[in-house]
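An overview of the molecular structure
Each chain is listed here by its residues.
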Amino acid sequence: MPIKELAVSAEHLSRHFGSFHAVQDVNFHIPEGEIFGLLGPNGAGKTTTIRMLCGILPPSRGEATVLGFNVRSHPEQVKKRIGYMSQLFSLYNDLTVEENIRFYASIYGLQSKVQNGRVEELLKEVDLAAFRRERTANLSGAWRQRLALACAIAHRPRMLFLDEATAGVDPLARKEFWDLIYRMASQGVSILATTHYMDEAEYCNMIGMMHEGSLIALDTPDAMRARIGGNLFQLTVDRPLAAEELLRTLPVVKEVSLHGVLLHVQMKTASDTRALRRKLHASGIHVADLTEIEPSLEDVFISLVDEQDQHKIQTRKD
Ligand SMILES: Nc1ncnc2c1ncn2[C@@H]1O[C@H](COP(=O)(O)OP(=O)(O)OP(=O)(O)O)[C@@H](O)[C@H]1O
Ligand SMILES: [Mg+2]
């Protein structure tokens, strides 16, 4: 297989605001045509990372190249070659769907003679041709997102940054949106997407998990899950809160988290769960079900953050 070119390369990328480290020593690569997912809770540093890669915010330390251009020395070259759908993408509500696309196409410098053809292509690509004369204000959240995508790719960028592009839309619309992204990647467009929805990471070739400015894990979705495979159990009990508290005190238990009324218990080793049942039973908690489960990426994230916190506590003690 030929070696793919790198669409993005970030080396020791860091950004601080005063003494606050929003992004610290982040390293990753995105080969051409791949989808890279950046996951992490609020304030993890995802948007700050994207802003540096888009040439909008200069890094405090480290280097990054996007489509071969250094973001620090050639931000303008980067900006005109990428597509960026920001967390707060702005569409003009008073314009129609088609007018919004035309507006962005002209901002990106598309000549009027190529504009018509490209507008038609885009309307078709995001399936908005039937709504071309609709005022943008009247569109549902899901349609607005598709329109924002069309605007962001009007100039056929080879690299696309999506910052929480699917926030607030229903699962079906999210899936359709990701199908579009997937299709673009198969045509060679490289994509970096941030999301709060861990299930969306399944679409990614590679995932980076961010926490407090650092990249705490970098792997494929399967490899991420394999990190805690074999020792994750789901429990249904009559008193989940009491059970959670009790399980936390057991030495064989590494991590407990509550998912609705269900408990996810990660054991330190793939050990016998009879001890869990016994302890819960002894405290008068009834276990209705205990099953081994495939870890979700959320479980992996919780486990990684826990490991990191433990490490911090340990280092403080030493
Ligand atoms: N211009 C700025 N000045 C000071 N602090 C900032 C600035 N921009 C971001 N921060 C801080 O840096 C941290 C990381 O912010 P960032 O927006 O990158 O997080 P995020 O992972 O995108 O979060 P969210 O999921 O909420 O979008 C936050 O604590 C934020 O308050
Ligand atoms: Mg953000």
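With respect to the overall build of the chain
- Each helix and strand in the chain was counted, giving 10 helices and 14 strands.
- Taking all 318 residues of the chain together, 48% fall into the buried category.
- Across the chain, every contact between residues at least 6 apart in sequence was considered, and the portion connecting residues at least 24 apart equals 68%.
- About 15900 Å² of surface is accessible on the chain, with carbon and sulfur atoms providing 53% of the total.

Describing the nonpolar core
- Leu-149, Leu-160, Leu-162, Ile-181, Ile-191 and Met-209 are the most contacted members of the largest nonpolar core, which has 49 residues in total.
- Mapped onto the domain boundaries, this core takes at least three residues apiece from domain 1 (6-219) and domain 2 (226-317).
- In this structure, Ile-181 is in contact with Ile-35, Leu-149, Leu-160, Leu-162 and Ile-191, ignoring residues within four places of it in sequence.
- Counting 26 residues, the second largest nonpolar core, distinct from the first, contains Val-8, Val-26, Met-159 and Leu-192.

As for the confidence of the model for the chain
- With 96% of its residues at a pLDDT of 70 or more, the chain shows a mean pLDDT of 91.
- Of all helices and strands in the chain, the one with the weakest mean pLDDT is helix α10 (residues 297-317) (78), whereas strand β2 (residues 20-31) scores best (98).

Digging into the site of ligand 1
- Near ligand 1 there are 14 residues, and of these Asn-42, Gly-43, Lys-46, Thr-47 and Thr-48 occur at the shortest range.
- A distance of 2.9 Å separates an oxygen atom of ligand 1 from a polar atom in the backbone of Gly-45.
- A distance of 2.8 Å separates an oxygen atom of ligand 1 from a polar side-chain atom of Lys-46.
- Burial of ligand 1 by the protein chains amounts to 64% of its free accessible area of 640 Å².
- Listed by contribution, the elements that provide at least two residues to the shell around ligand 1 are β2 and α1 (46-53).
- Examining the composition of the shell around ligand 1, we find that three residues originate from one element, α1, more than from any other.
- Broken down by class, the residue content of the shell around ligand 1 amounts to five nonpolar, seven polar and two charged.

Quick notes on the environment of Ser-14
- Of note, Ser-14 is situated in strand β1 (residues 6-17).
- The exposure class assigned to Ser-14 is buried, which follows from its relative accessible area of 5%.
- Each C-alpha atom, one on Ser-14 and one on Glu-63, is 8.5 Å from the other, the two residues being 49 residues apart in sequence.
- Engagement of the side chain of Ser-14 in a polar contact is seen with the backbone nitrogen of Asp-25, the distance being 3.0 Å.

So, the sheet that holds β2
- The strand order β2-β1-β4-β5 describes an open sheet built from four strands, whose pairing is antiparallel. In this open sheet, the two strands that pair with only one neighbour each are β2 and β5 (69-70).
- Taken together, the two bridges between strand β4 (residues 61-66) and β5 define a ladder with antiparallel strand orientation. Looking at β5, one finds that Val-66 is bridged to Phe-69.

Here's the deal with the packing of aromatic side chains
- Summed over all chains, the structure comprises six aromatic pairs.
- Look at Phe-103 and Tyr-104: their rings are 5.5 Å apart centre to centre, the planes differ by 90°, and that puts the pair in the edge-to-face class.
- When its relative accessible area of 15% is taken as the criterion, Tyr-104 is described as buried.
- Where Tyr-182 meets Tyr-203, the ring centres are 6.1 Å apart and the plane angle is 70°; that geometry is what we call edge-to-face. Of the two residues, Tyr-182 is situated in helix α6 (residues 171-186) and Tyr-203 in the loop between β8 (190-195) and β9 (206-211); the sequence distance between them amounts to 21 residues.
- The lysine or arginine in question, Arg-174, covers the ring of Tyr-197, its NZ or CZ lying 3.7 Å from the ring centre.

The rules behind each value
All residue numbers refer to positions counted from 1 along the written sequence of the respective chain. Chains carry letters from A onward and ligands carry numbers from 1 onward, assigned in written order. In keeping with the model being predicted, local features are shown solely for residues with a pLDDT of at least 70 and side-chain atom pairs are shown and tallied solely at 80 or more, while totals for entire chains, interfaces and linings include all residues. Water and hydrogen atoms play no part in the side-chain values, which are based on all heavy atoms of the structure. Helix and strand definitions follow DSSP, with helices as H or I runs of at least four residues and strands as E runs of at least two, each counted in order from the N terminus. To sort residues, take the accessible area from a 1.4 Å probe on protein chains only and compare it with the maximum for the residue type: under 20% means buried, over 50% means exposed, and anything in between is partly exposed. Contacts were defined at the residue level, with two residues in contact if any of their heavy atoms lie within 4.5 Å. All accessible-area figures derive from a Shrake-Rupley calculation using a 1.4 Å probe, and residue coverage is judged against the displayed protein chains alone. Side-chain atoms within 4.5 Å link the members of a nonpolar core, which is a set of buried Ala, Val, Leu, Ile, Met, Phe, Trp, Tyr and Cys residues. Here the limits of each domain have been adopted from an automatic or database domain assignment. On a range of 0 to 100, pLDDT expresses the predictor's confidence in each residue. Nearness is judged by heavy atoms alone; a residue qualifies as near a molecule or strand once a single heavy atom is within 4 Å of it. Any pair of N or O atoms that falls within 3.5 Å is considered a polar contact. Within protein, one atom must be able to donate a hydrogen and the other to accept it, and sequence-neighbouring residues count only if both atoms are side-chain atoms. Here the term charged refers only to Asp, Glu, Lys and Arg, the term nonpolar to Ala, Val, Leu, Ile, Met, Phe, Trp, Tyr, Cys and Pro, and the term polar to all other amino acids, Gly among them. Strand pairing follows a simple DSSP-based rule, namely that at least 2 bridges must link the two strands. Within 6.5 Å between ring centres, the rings of Phe, Tyr and Trp (the latter by its six-membered ring) count as paired, and their orientation is classed by plane angle as stacked under 30 degrees, edge-to-face over 60, tilted in between. Two limits define a charge over a ring: the Lys NZ or Arg CZ must be within 6 Å of the ring centre, and within 35 degrees of the ring normal.

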